[in-house]
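What follows is each chain in one-letter form.
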Amino acid sequence: MVDLIALGEPLVEFGARSDTGRLDTFSLGWGGDTSNVAIAAARLGASAAYVSRVGDDEFGRMFRDLWKEEGVDTSAVEVDPDAPTGIYFIVPDPEGQKRFVYYRRGSAASRMQPADLDPDWIGGARVLHVSGISQAISEAALGTVAAAMEIAEDRGVMVSYDANVRRQLQPVALLRAIFEMSLGRSDIVFVSGEDLDALYDGRPHDELLEEAADAGPRLVVLKRGAEGSTILTRSGDRTEVAPFEVDAADATGAGDAFAAAFLVARLDGRDVADAGRFASAVGALTATGLGAVAPLPTREQAEEFLQREDAVDGGAAGG
Ligand code: KDG
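Since we're looking at a predicted model, the values are computed, not measured.

Caption draft 1: Seen up close, the pairing of strand β5 (residues 72-80). For strand β4 (residues 48-55) and β5, the ladder comprises seven bridges, and the chain directions are parallel. If you follow A49 over to β5, its bridge partner there is D73.

Next comes the structure, spelled out in structure tokens:
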């Protein structure tokens, strides 16, 4: 029995290092939101598994080695001999924001099929984690996610869903319909301010958050990055989680780390506020290093960070 099964697409990451505007120096990293979640959960001590397809190529082999090193179960990662592993470039744009440029169309993961899923194995997990990216990469992947969610629901496995809206992947009307459909099929929904803006241009986040909570999930978590997070329960209880101030080097993957930590903390039986605080710490620590995977903290590192922060808070309150 595995604690967390994540399903989606891994992407080898090429982060542009040049600040000259010329794309001539890249550092290799690991991406793919759901792969990040599986690795983050494993670093935090949970047993984690990944469901996907990789190509029979160098990048696919590199990922399989990585998951093995990180202790992520790859028994449900198929090797597709006829399609490549996806990759992406992180390119700084002139406003100092980052842009993702994908080479993933027709990738191995986009060819996932519902028949790849083992219902008994998924049914034995404690949580299934999927995302809007897992759904948006292809029709086959959308169907595979739907099948996995159905298996999880039938077998009483908690379903976690991260909206992770990527407008490059599908027309916005389709992404919105997929998001709204997924709300009613998930127990925990993670969504960011950028996701809400991408789907519902200009509508107030608070209003959207309430609508999302009304649509069925037990918890909706609004990830606000360096501004903290807001958690709403189906019954309308609201928890604000304060952010931790850190020297951020690269926020890529920090939201995935946050989601993984929140899930691990909930599996440990922590209440919503405590899970939010733990997730906030893990997200902040992940933003302090480059890439989505290298800076992911272990459980000990996350707990030490929280203890140090408590000591500072306690000192400030006492003084
Ligand atoms: O959350 C980080 C991911 O966005 C990144 O790893 C790439 O999965 C990715 C995607 O499809 O955008």
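Caption draft 2: Spatial organisation of the packing of aromatic side chains. In this structure the tally under the stated criterion is 13 aromatic pairs. Arranged with centres 5.2 Å apart and planes meeting at 25°, the rings of F14 and F89 form a pair that is stacked. Of the two residues, F14 sits in strand β2 (residues 11-16) while F89 sits in strand β6 (residues 86-92), which places them 75 residues apart along the sequence. Residue classification places F14 among the buried residues on the basis of a relative accessible area of 17%. Plain terms: the ring middles of Y88 and F100 are 5.1 Å apart, the flat faces sit at 85° to each other, and that makes the pair edge-to-face. With Y88 in strand β6 and F100 in strand β7 (residues 98-103), this residue pair connects regions lying 12 residues apart in the sequence. Taking relative accessible area as the criterion, F100 reaches 23% and is therefore assigned partly exposed. Taken together, F14, F26, F59, F89 and Y103 form an aromatic cluster joined through their ring pairs. Against the face of Y102 rests R104, its NZ or CZ located 4.4 Å from the ring centre. Geometry around F278 places R270 over its ring, the cationic atom sitting 4.5 Å from the centre.

Caption draft 3: Spatial organisation of the pattern of salt bridges. Summed over the entire model, instances satisfying the criterion amount to 20 salt bridges. Here the salt bridges share partners, and the residues they tie into one network are R53, D80, R111 and D116.

Caption draft 4: Quick peek at helix α9 (residues 254-267). A rise of 1.5 Å per residue sets the reference length of α9, with its 14 residues, at 20 Å; its end C-alpha atoms lie 20 Å apart and thus fit the reference within 8%. Along α9, the positions that sit buried rather than exposed are A254, D256, A257, F258, A259, A260, A261, F262, L263, V264, A265 and L267. Positive backbone phi, approximately 95°, marks G269, located one or two places after α9.

Caption draft 5: Representation of the site of the ligand in the model. For the ligand, the set of nearby residues contains 13 residues, the closest of which are G32, Y102, R104, R166 and D256. Measuring from an oxygen atom of the ligand, one finds a backbone N or O atom of G32 at 2.8 Å. Side-chain polar atom of D256 to an oxygen atom of the ligand: 2.7 Å apart, as the coordinates give it. Elements with a contribution of two residues or more to the shell around the ligand: α1 (33-43) and β7. Along the lines of polarity and charge, the residues of the shell around the ligand split into five nonpolar, four polar and four charged.

Caption draft 6: Representation of the sheet that holds strand β12 (residues 229-233). Taken in spatial order, the nine strands of this open sheet run β5-β4-β1-β8-β9-β10-β11-β12-β13, and their pairing is mixed. Looking at strand neighbours, the two that pair on one side only are β5 and β13 (238-241), the edges of this open sheet. Ignoring strand direction, the axes of neighbouring strands in this sheet form an average angle of 20°. As judged from the five bridges shared by strand β11 (residues 219-223) and β12, these two strands associate in the antiparallel manner. Of the residues in β12, the one forming a bridge with L222 is T230. Sitting on the sheet, α9 is in contact with β1 (4-7), β8 (127-131), β9 (158-162), β10 (188-192), β11 and β12, with an inclination near 145° to β11.

Reading the values: the criteria
Residues numbered from 1 in each chain as written. Predicted model: local features only at pLDDT ≥ 70, side-chain atom pairs only at ≥ 80, totals over all residues. Heavy atoms only, no water. Pairing = 2+ DSSP bridges. Helix = DSSP H or I, 4+ residues; strand = E, 2+ residues; numbered from the N terminus. Phe/Tyr/Trp six-rings, centres within 6.5 Å; stacked < 30°, edge-to-face > 60°. Buried < 20%, exposed > 50% of the residue type's maximum accessible area, 1.4 Å probe, protein only. Lys NZ or Arg CZ within 6 Å of the ring centre and 35° of its normal. Salt bridge = Lys/Arg side-chain N within 4 Å of Asp/Glu carboxyl O. Expected span 1.5 Å × (residues − 1). Near = heavy atom within 4 Å. Polar contact = N/O pair within 3.5 Å; in protein donor to acceptor, adjacent residues only side chain to side chain. Nonpolar A, V, L, I, M, F, W, Y, C, P; charged D, E, K, R; others polar. Axes fitted to C-alpha atoms, helices over the stretch in contact; angles between N-to-C directions. Contact = heavy atoms within 4.5 Å.

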